[in-house]
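Reading the structure
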Amino acid sequence: QKEVEQNSGPLSVPEGAIASLNCTYSDRGSQSFFWYRQYSGKSPELIMFIYSNGDKEDGRFTAQLNKASQYVSLLIRDSQPSDSATYLCAPMNTGFQKLVFGTGTRLLVSP
Amino acid sequence: EAQVTQNPRYLITVTGKKLTVTCSQNMNHEYMSWYRQDPGLGLRQIYYSMNVEVTDKGDVPEGYKVSRKEKRNFPLILESPSPNQTSLYFCAYMGGGLLFGEEVNEQFFGPGTRLTVL
């Protein structure tokens with residue numbers, strides 16, 4: 001089993017819709033969870049982090065964490081074509097030292 | 001403005017010729033890290049550093065060395081590069097964060113170094 005699993009996609013949604021990106025992880029001791037957006041040929045950029053169970057909202061983005069189920073998700077409301085990118089999930093390990101990345105979900109938002 | 005600079009951005013070299021990829025941050029953060037990104041494998045951590053003179057292995061450290069003599073610089077050294085080290089490399093810093101007892105509020109990746117080893 002991979003440490004971090006994401007559906008590779010592509011996930012296709014129409015402009016204005018909600019995009020839902022999912023991530024499961026195996027390290028039960030993970031405490032912090034990060035979501036990154038990476039455009040093709042560019043470096044990853046941090047868009048959200050969450051460390052408490054429940055929801056965290058920031059603009060059009062909502063991160064959801066369920067530690068009991070070892071599941072973290074990212075919702076993008078009112079999706080825009082500019083949101084088309086690969087989204088990477090990365091839990092930080094128990095010792096708060098290492099980030100372990102999923103392979104990412106490619107999101108395509110069509111006008 | 002937060003910045004991570006990497007040099008070189010592109011490099012083609014031959015097997016066995018030692019090389020160094022430099023990384024420098026301008027935000028005075030303790031935590032720095034190197035990653036490589038390969039198709040189908042995603043981002044994998046090579047080494048990280050919690051502070052000056054404190055470094056530790058990530059998931060794929062074989063064939064790499066690092067040093068952290070000062071806070072702002074974290075070079076990646078390939079003593080004897082091999083073709084399986086052909087990859088896209090990213091340096092990053094992390095500021096704040098639960099790992100230091102505070103919320104992570106800043107994380108920044110460099111622009112990447114595309115390395116080809118022939």
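Residues numbered from 1 in each chain as written. Chains lettered and ligands numbered in written order. Predicted model: local features only at pLDDT ≥ 70, side-chain atom pairs only at ≥ 80, totals over all residues. Heavy atoms only, no water.

Regarding the overall build of chain B
Within chain B one finds zero helices and 11 strands. Along its sequence from the N terminus, chain B presents helices and strands in the succession β-β-β-β-β-β-β-β-β-β-β. Here the C-alpha radius of gyration of chain B, 14 Å, is about what a compact globule of 118 residues would show, namely 13 Å. Taking the principal axes of the C-alpha coordinates as reference, chain B spans close to 45 × 30 × 25 Å. Looking at chain B as a whole, 49% of its 118 residues qualify as buried. Taking the intrachain contacts of chain B between residues at least 6 apart in sequence as the baseline, contacts between residues at least 24 apart amount to 53%. For chain B, the accessible surface area stands at approximately 5,600 Å², while carbon and sulfur atoms represent 50% of it. Averaged over its 12 positive side-chain charges, chain B has a centre that lies 10 Å from the centre of its 12 negative ones. (Helix = DSSP H or I, 4+ residues; strand = E, 2+ residues; numbered from the N terminus. Rg over C-alpha atoms; globule rule 2.2 N^0.38 Å. Buried < 20%, exposed > 50% of the residue type's maximum accessible area, 1.4 Å probe, protein only. Contact = heavy atoms within 4.5 Å. Areas by Shrake-Rupley, 256 points an atom, 1.4 Å probe, with all protein chains shown as cover. Lys, Arg positive; Asp, Glu negative; His and termini not counted. Charge placed at Lys NZ, Arg CZ, Asp CG, Glu CD.)

Concerning the overall build of chain A
Assigned secondary structure in chain A consists of zero helices and 10 strands. Expressed along its principal axes, the backbone C-alpha trace of chain A runs to roughly 40 × 30 × 20 Å. Within the span of chain A, comprising 111 residues, buried residues form 45% of the whole. Contacts spanning at least 24 positions in sequence make up 54% of the contacts within chain A whose residues lie at least 6 apart. Accessible surface, chain A as shown: approximately 5,100 Å² in total, 46% of it carbon and sulfur. A gap of 5 Å separates the mean positions of the 10 positive and 10 negative side-chain charges of chain A.

What about the interface of chain B and chain A?
In this assembly, 24 residues from chain B lie in contact with 20 residues from chain A. Linking chain B with chain A are zero salt bridges. Joining chain B to chain A, the criterion identifies three residue pairs in polar contact (both at pLDDT 80 or more). Counting only elements with at least two residues in the side of chain B that touches chain A, the list comes to strand E4 (31-38), strand E5 (42-51), strand E9 (87-96) and strand E10 (104-109) of chain B. (Salt bridge = Lys/Arg side-chain N within 4 Å of Asp/Glu carboxyl O. Polar contact = N/O pair within 3.5 Å; in protein donor to acceptor, adjacent residues only side chain to side chain.)

Here we look at the sheet that holds strand E1 (residues 4-5) of chain A
All names here are of chain A. The strand order E1-E3-E8-E7-E6 describes an open sheet built from five strands, whose pairing is antiparallel. Strands with a single pairing partner mark the edges of an open sheet, and in this sheet they are E1 and strand E6 (54-58). Sheet topology places E6 next to strand E7 (residues 61-66); five bridges connect them, and they run antiparallel. Each bridged residue has a counterpart across the sheet, and for Lys-56 the counterpart in E7 is Ala-63. (Pairing = 2+ DSSP bridges.)

Considerations on the state of the cysteines
Counting across every chain of the model gives two disulfides over all chains. There is a disulfide in this structure between Cys23(A) and Cys89(A), and the S-S distance comes to 2.0 Å. Given an S-S torsion of about -70 degrees, the disulfide between Cys23(A) and Cys89(A) has left-handed geometry. Of the two residues, Cys23(A) sits in strand E3 (residues 19-25) while Cys89(A) sits in strand E9 (residues 85-92), which places them 66 residues apart along the sequence. Of the residues examined, Cys23(A) reaches a relative accessible area of 0% and is grouped as buried. Assessed through its relative accessible area of 0%, Cys89(A) is described here as buried. One disulfide bridge connects Cys23(B) with Cys91(B), the sulfur atoms lying 1.8 Å from each other. Its S-S torsion of about -70 degrees marks the bond between Cys23(B) and Cys91(B) as left-handed, since a negative value means left-handed. Pair noted here: Cys23(B) is in strand E3 (residues 19-25) and Cys91(B) is in strand E9, with a separation of 68 residues, a long-range link. Pair check on accessibility: Cys23(B) and Cys91(B) agree, each one buried. (Disulfide = S-S within 2.5 Å.)

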